[in-house]
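Secondary and tertiary structure notes
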Amino acid sequence: MHFFTIFSLKILLSLLILPLCNAQRNTTFQVGVILDANSLLAPIATTSLSLALSDFYSFNSNYSTRLVLYTRDGRGRVTDAAASALNLLKDVQVDAIIGPQKSSQAEFMIGLGDAAKVPIISFSATSPSLRPQTQYFVQTAINDAAQVDAVAAIVKYFRWYQIAYIYEDTDYGNGIIPYLSNAFQEINVRVSYRSVIPVSASDDLILQEMYKMKTMQTRVFVVHAPSSLASRIFLKAKEAEMMSEGYAWIVTTGMMDLFYSLDSNVVQSMQGVLGVKPLIPISSRLISTSIRWRKKFADDNPGITPPANINLFGLWAYDTLWALAMAAEKTGFREQPSSLRNTSSLNSTNMFITETSLTGPKLLAAMLETKFEGLAGDFHLVNGQLQPSSFQILNVNGKDLTQVGMWTSLLQTSSSRTNTSKTGFSGEKLEKIIWPGESTNVPKGWEVAVSGKKLKVGVPSEAGFPEFVKVERDPQTNNTKISGLFIDLFDAVMAELPYSVRYEYAPFQRSDGSSAGSYDDLSYQVSIGNYDVAVGDITITTTRSEYVVFTLPVGDAGITRTQKIQYDDNPNDKWFFLKPLKMELWLTVLGLFVFTGVSLWILEHRFNKAFRGSPSDYLGLFFYIPFMSIVFAHREKIVTNLARVVVVVWIFVMLVLTSTYTASLSARLTTFKLQQGDTDVNRLIRNGDYVGCREGTYLAEFLKRLGFHESKIRIYKHPEEFDDALSKGSEKGGVTALFSGSPYADVFLSKYCSKYMKVGSPYLTEGIAFGFPKGSPLVGDVSTAITKLTDNHKISEIRAHWIQQSGCNKDDPSNVGWTNIGLKSFKVLFAVTGSVTSICVLAFIVSFLYQHRGRVIEIWNTDNNSAWLKVRAIFKLFDGRDPRYFPQDQEMAQFPLLENF
C-alpha cells in the first residue's frame, strides 16, 4: 500500500505548488483509480499515471482544469473492486474512474458507471465481451479480439492443422475464445482440446492437466491467461517435459507485455515460446519518457527492480490520463452531481444507489473525440475502443524477446501493407525461430500419442474382390488374416512416413462375421471415433466426404461398363481382301517375288532345261515360281543346291506371311459388334435392359441418376455372379451390362477377357483413397507419402502384383481386334531370306567365274572390243548350257567367241 500513499501525496503537493497568481480559478475534476495493489501491473500503472499527470500539466501549465486522482485497491476481487467504485461514486463523487484492472471486475463496475453516468475507463481490461454492454465503458487498451488474426496467421504460416486452447475460466479468458475459434475456422484449423483452468486451480491440478494434454496428438498450444496463471502453467509444462522439441506454444498480448516483469524461473520455462504484441512505434519522446519512468519507478517502489522499459499497459495508462486531461480541458466546467429525489434514498438499504453525474456525459463525449499521438501510438477511439495497428511476432530467446516478424491486418489500406504477404506478415517469411528444446526445426504440430494406443484401421469384411481386400479367419487359432491390394498399399504408405505409427486392422463386421454395413456406414463409424481410419476399395463420394477427409487417391478413378462380346457378319468393302496388310508390306513382298525369281533363274539357268528359253519365258519364270511356292504347286525341278536353299527359305517366309494374312483376315471377318454398334447407355434404358452393380457400393444410386429404374438394377457381390449374370443376359434373368469401378473391371476381365469387354468411355470419379476423421493430422503426411510412392512407381508395382496375377494375358480385352500389319513386323524375316538368296547368287557367280577363268581373262584382254562387248561376251558364256547337265550338246570351242558378235 505504500506506493498508493506516496502517489496520493505527490498528487496533492503538485496541486499546492501551482501558480497562485493565475487570475482565473482552476476547475478540478475528481478521478478515481482502481488497481490491484498486489499485482505486477499495479506499480507499473501507478508510476505511469503519476508521470503522465506531472508531464501533462508541466507541458500545459496554462490549462484551467486539473485532474485529482483518488486511488483505491481492487484486491483482485470483483466485490472489492465494486466496493471501491461505490466509495468513489458516493463519497468522493468522482467524474470518471480509471480502471478496473481485470475484465471480471469491469463486468460489474460498468453497470455502476452506467447508472451514475460516470465513464469507466480501463487500460487493462481487454475482454471483447465488455464493450457492447454500456456506452459509459471505454477501453483505452486494444481489444483482445484484435490479436486473434495474428495468432491464426502464425498457425497458418507453419501449416499446423490442429491446436489446443489453454485459458483462464474468467471473463478475460472466455471472452476471446469465440473470436479465436472463428479465426481458426476460417483457415480450416481444428481445435482438438480446450483446457479451461479455474482461477483457484492448484499446482497439482495444473500439472495433471499438462500430463493429460501430453497424451494427446496435438503439440500446438495457444495460451490466453493473466501473467499470474500463465506463469504457473509454463512452470508445470516444463516439469511435464512439454517445453521440449516438437512442441509449439503461442501466448497472447497480456503475457508478452509483462514478460520483463516475470520471475527468472518463469522466463527460463518459456524458452522457445511465440507471442503477439501490438507494435509500439519508437520515438525520441518514448525513449526520454522511458528513462524518466524507470527512475520514477525506482523512487516510488524501493526494493523492486524496475523493468528495463515501460511496458504496453504502462504506456496505455500514460496515454489514458493524457486523453482524460485533454477531455477535461475541453469540458471546461465541472457541475455538481444531481441530488437524489429525496434524502431518504441515501439511507436506503439499496447500497448501489448513487447520485447522477452531470459532468460525466460531457467528459465522455469530449474523450471519445480526442485524438493525439501518444507514447503507444495513435490514440483514436472508435465506439469507445482503442483502434489497433500492427502486431509484433516475438520469440522468447534467453532473457529477451526477439522480434521474428510483424503482422498487419489485411483490412488496412493498401499503403499500409505494401510489403505485406497474403498471411499478413511483412516480407515473405518469419525470421529464424528458436523453438522449445533449443530446436531450430519447425514442430510438425502433432505426434502419435505417447499413451501407446494403436490406430484402429477399419476394413470391409466382404469386399467381393479378394484381390482388393480379403479377410480370412483361422477356425483353429481364431486369428484373422487380412490381405489384398489396398492392405499392401496402406502398409507401404505408413512405412514411408518419417515417423513410426502403430496400427492394427479391424474388420467391419458383426459378431457372427457378417458385414456390418456398406462403405458409407464404415465412413460414418470413422467419423464418430469407432475407427481411426478406413482402408479398402473405398471410392471418394460426396456422402462419405461428409463423414471423413480423404487422402490423395491410391486407386484409379472411373466407372466402367462391361458387356458380353458379340460378333458381326463379313464387311462389304470390295477391297477388303487387301486390308490385312499395309501398302508398304504389299510392295515389299512384290519386290521379294521379283528378287527371288531372278535369283532362281540365275542359279538354274545353266543347269536346268526348265529355266531356259526366250526372254519372255524368263520374265514369266521370275513371277511364276515364287508365286507358286505360296501353295507349293510349282512342277519345275530344282537341280542345284544353292537354288534349293533359296527355295527352302522362301517357302518358310511364305508360310509365315500367308498364316499372318489369313489370321488378320479372319479377325476382320469376326470384328466385335460392340465396337461398331451403338454404345450409348441410353439404348439400354430405352430397351428396358437389366444392368448390374456391386453390393455395398454407391453405384446403385449412380445408376438411378443415369436414368435406370430401380427395378432394372440387380445387385451382385462376387465375380462369379457377374459372369453368370452377363452370360445369361437380360432375357434369361441376367443383365446386359455391368457397371463397376475401373479397378474392379480390370480384375474381372483378367479372368474373363475372352467373354467380356469394356464398352464406351468411363464415367470419371474421384478415385479410391483412405478415409481419416476430419481434422486428423495424419492426412497431410499420408498424402505426401502417397505422392512419393507414386513417383517411384511403387504403387504401380503393388497394383500389378494383385491385378495381373491370374487369368488371361496382359492385353486389355476391350482393345482386342484387327489392325493393319506393317513391314516392321517382318523386317527380320525378310532380311534373312534376302541375305540367304543374295549369298547363294553371289556364291554361284564366284564359282562360275573361277571355273571359266581362262575364257573370262581371254575375253577381258581382247583389245579390239569395247567394255560393253566384253560384258556381252561373258554373259553369252554364262548363257551356255553346262555340259554335265546337257551331254548331247557339243561345245563350239573351235570358233572364237568374239566372232559371234
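Above this note sits the structure.
Residues numbered from 1 in each chain as written. Predicted model: local features only at pLDDT ≥ 70, side-chain atom pairs only at ≥ 80, totals over all residues. Heavy atoms only, no water.

**Considerations on the packing of helix α2 (residues 41-59) against helix α12 (residues 312-331)**
Applicable threshold: The axes are straight lines fitted to the C-alpha atoms, using for helices just the contacting stretch, and the angles between their N-to-C directions are given from 0 to 180°. Only runs of H or I of at least four residues qualify as helices and only runs of E of at least two qualify as strands under DSSP, and these elements are numbered from the N terminus. Handedness of a helix crossing follows the sense of rotation of the near helix relative to the far helix, less than a right angle counterclockwise being left-handed and clockwise being right-handed. Any two residues having at least one pair of non-hydrogen atoms within 4.5 Å are treated as being in contact. Residues are grouped as follows: Ala, Val, Leu, Ile, Met, Phe, Trp, Tyr, Cys and Pro are nonpolar; Asp, Glu, Lys and Arg are charged; every other residue, Gly included, is polar.
The geometry of α2 relative to α12 is characterised by a closest axis approach of 8 Å and an angle of 40 degrees between their N-to-C directions. Handedness of the α2/α12 crossing: right-handed. Contacts from L41, I44, A45, S48, L49, L51, A52, L53, D55, F56, Y57 and F59 in α2 reach F313, G314, A317, Y318, L321, W322, A325 and M326 in α12. Counted by class, the contact of α2 with α12 contains 17 nonpolar, 2 polar and 1 charged residues.

**Observations regarding empty space enclosed by the protein**
Stated formally: Think of a 1 Å grid over just the protein atoms. A cavity is a set of points where a 1.4 Å probe fits yet cannot get out, a pocket is an open set with protein on both sides within 12 Å along at least five of seven lines, and lining residues have an atom within 4 Å of a point. Grid points are joined across faces, edges and corners, and a volume is the space filled by probe spheres set on the points.
Following the criterion strictly, the structure yields 4 cavities of 30 Å³ or more and no others. Estimates place the volume of the largest cavity at around 130 Å³. If you trace the largest cavity, you find 19 residues lining it, with T539, Y698, L699, G741 and Y744 closest to the centre. When residues of the lining of the largest cavity are traced back to their parent elements, those giving at least two are β25 (737-741) and α24 (742-752). For the lining of the largest cavity, the leading source of residues is α24, giving 3 residues. For the lining of the largest cavity, the residue count by class is 7 nonpolar, 8 polar and 4 charged.

**Looking at the packing of aromatic side chains**
This is how it is decided: The pairing test for Phe, Tyr and Trp rings, Trp by its six-membered ring, is centres within 6.5 Å, and the orientation test on the planes gives stacked under 30 degrees, edge-to-face over 60, and tilted for anything in between. Categorising residues by exposure relies on relative accessible area from a 1.4 Å probe, with only protein chains included: less than 20% of the type maximum marks a residue as buried, more than 50% marks it as exposed, and the intermediate range marks it as partly exposed. A ring is scored as having a charge over it whenever the NZ atom of a lysine or the CZ atom of an arginine sits within 6 Å of its centre and within 35 degrees of its normal.
According to the stated counting rule, one finds 30 aromatic pairs in the structure shown. Seen in terms of ring centroids, F259 and Y260 are 5.2 Å apart; in terms of plane orientation they differ by 85 degrees. Their pairing is edge-to-face. Among the residues examined, F259 registers a relative accessible area of 1% and is labelled buried. Residues F372 and F379 carry aromatic rings whose centres are separated by 5.0 Å and whose planes lie at 20 degrees to one another, so their mutual orientation is stacked. Each member of the pair, F372 together with F379, is buried. Site record: aromatic cluster; members linked through ring pairs are F56, Y57, F59, Y63, Y318 and W322. The ring of W322 carries R285 above its face, with NZ or CZ at 4.8 Å from the centroid. Sitting over the face of the ring of Y690, R714 holds its NZ or CZ atom 3.6 Å from the ring centroid.

**Some thoughts on the pairing of strand β8 (residues 220-224)**
This is how the line gets drawn: Strand pairing is assigned whenever DSSP identifies at least 2 bridges connecting the two strands. Orient the strands so they point away from the viewer, and a crossover whose first-strand-to-second-strand path over the helix runs clockwise is right-handed.
β8 sits mainly inside the fold: 5 of its 5 residues count as buried. Taking every second residue as pointing to the same face, both faces of β8 are buried, with V220, V222 and H224 on one and F221 and V223 on the other. Judged from the 4 bridges that link them, strand β6 (residues 162-168) and β8 form a sheet pairing that is parallel. Among the inter-strand pairings, I166 is bridged to a residue of β8, identified as V223. In the sheet, β8 pairs with strand β9 (residues 248-251) via 4 bridges, with the strands oriented parallel. Residue F221 lies in a different strand from β9, and its bridge partner there is W249. For the crossover from β8 across helix α8 (residues 227-239) to β9, the handedness is right-handed.

**A short note on the pattern of salt bridges**
Close approach of charged atoms allows side chains of opposite charge to pair. Condition: In the sections that follow, a salt bridge refers to a side-chain nitrogen of Lys or Arg positioned within 4 Å of a carboxyl oxygen of Asp or Glu.
Counted by the stated rule, this structure contains 16 salt bridges. One salt bridge in this structure joins D520 and R544, with 2.6 Å as the shortest N-O distance. Pair noted here: D520 is in helix α15 (residues 519-527) and R544 is in helix α16 (residues 542-545), with a separation of 24 residues, a long-range link. Connected through shared salt-bridge partners, E701, K704 and E710 make up one network.

**Topic: the environment of Q93**
Secondary-structure assignment places Q93 in the loop between α3 (78-92) and β3 (96-98). Taking the C-alpha atoms as reference, Q93 lies 8.0 Å from S357; in sequence the two are 264 residues apart.

**So, the packing of α12 against helix α13 (residues 360-368)**
The relative placement of two packed helices comes down to the angle between their axes together with the axis-to-axis distance. The line we're drawing: Should an angle fall under 35 degrees it is called roughly parallel, over 145 degrees roughly antiparallel, and 65 to 115 degrees roughly perpendicular, with every other angle called oblique.
At a minimum axis distance of 8 Å, the contact between α12 and α13 shows a crossing angle of 120 degrees. In this view, α12 runs oblique relative to α13, as classed from their interaxial angle. When you trace α12 past α13, the crossing you get is right-handed. Here T320, A323, L324, A327, A328, K330 and T331 of α12 come into contact with α13, specifically with K362, L363, A366 and M367. Counted by class, the contact of α12 with α13 contains 7 nonpolar, 2 polar and 2 charged residues.

**Comments concerning the environment of F108**
Tracing the sequence through the fold places F108 in helix α4 (residues 103-116). In the structure, F108 is positioned 22 residues away from L130 in sequence and 9.9 Å away in space, judged by C-alpha atoms.

**Things to note about a nonpolar patch on the surface**
What counts, and what does not: Two joining distances apply to patches: 9 Å for like charges and 5 Å for nonpolar side chains (Val, Leu, Ile, Met, Phe, Trp, Tyr), and every residue must have over 30% relative accessible area and no salt bridge. Under the convention used here, a 1.4 Å probe and the Shrake-Rupley method define accessible areas, while residue burial counts only the protein chains that appear.
A cluster of nonpolar residues, I282, I287 and I291, forms a patch on the protein surface that exposes about 340 Å² of accessible area. By the secondary structure assignment, I287 is in helix α11 (residues 284-300).

**Section: the sheet that holds strand β5 (residues 137-142)**
The strand order across the open sheet built from 8 strands is β2-β1-β3-β4-β5-β13-β12-β11, with neighbouring strands paired in mixed fashion. One side of each edge strand has no neighbouring strand; the edge strands of this open sheet are β2 (65-73) and β11 (371-374). Two strands pair when backbone bridges link them, and strand β4 (residues 120-122) and β5 are joined in this way by 3 bridges, in the parallel orientation. Across the sheet, residue I121 finds its bridge partner in β5, namely V138.

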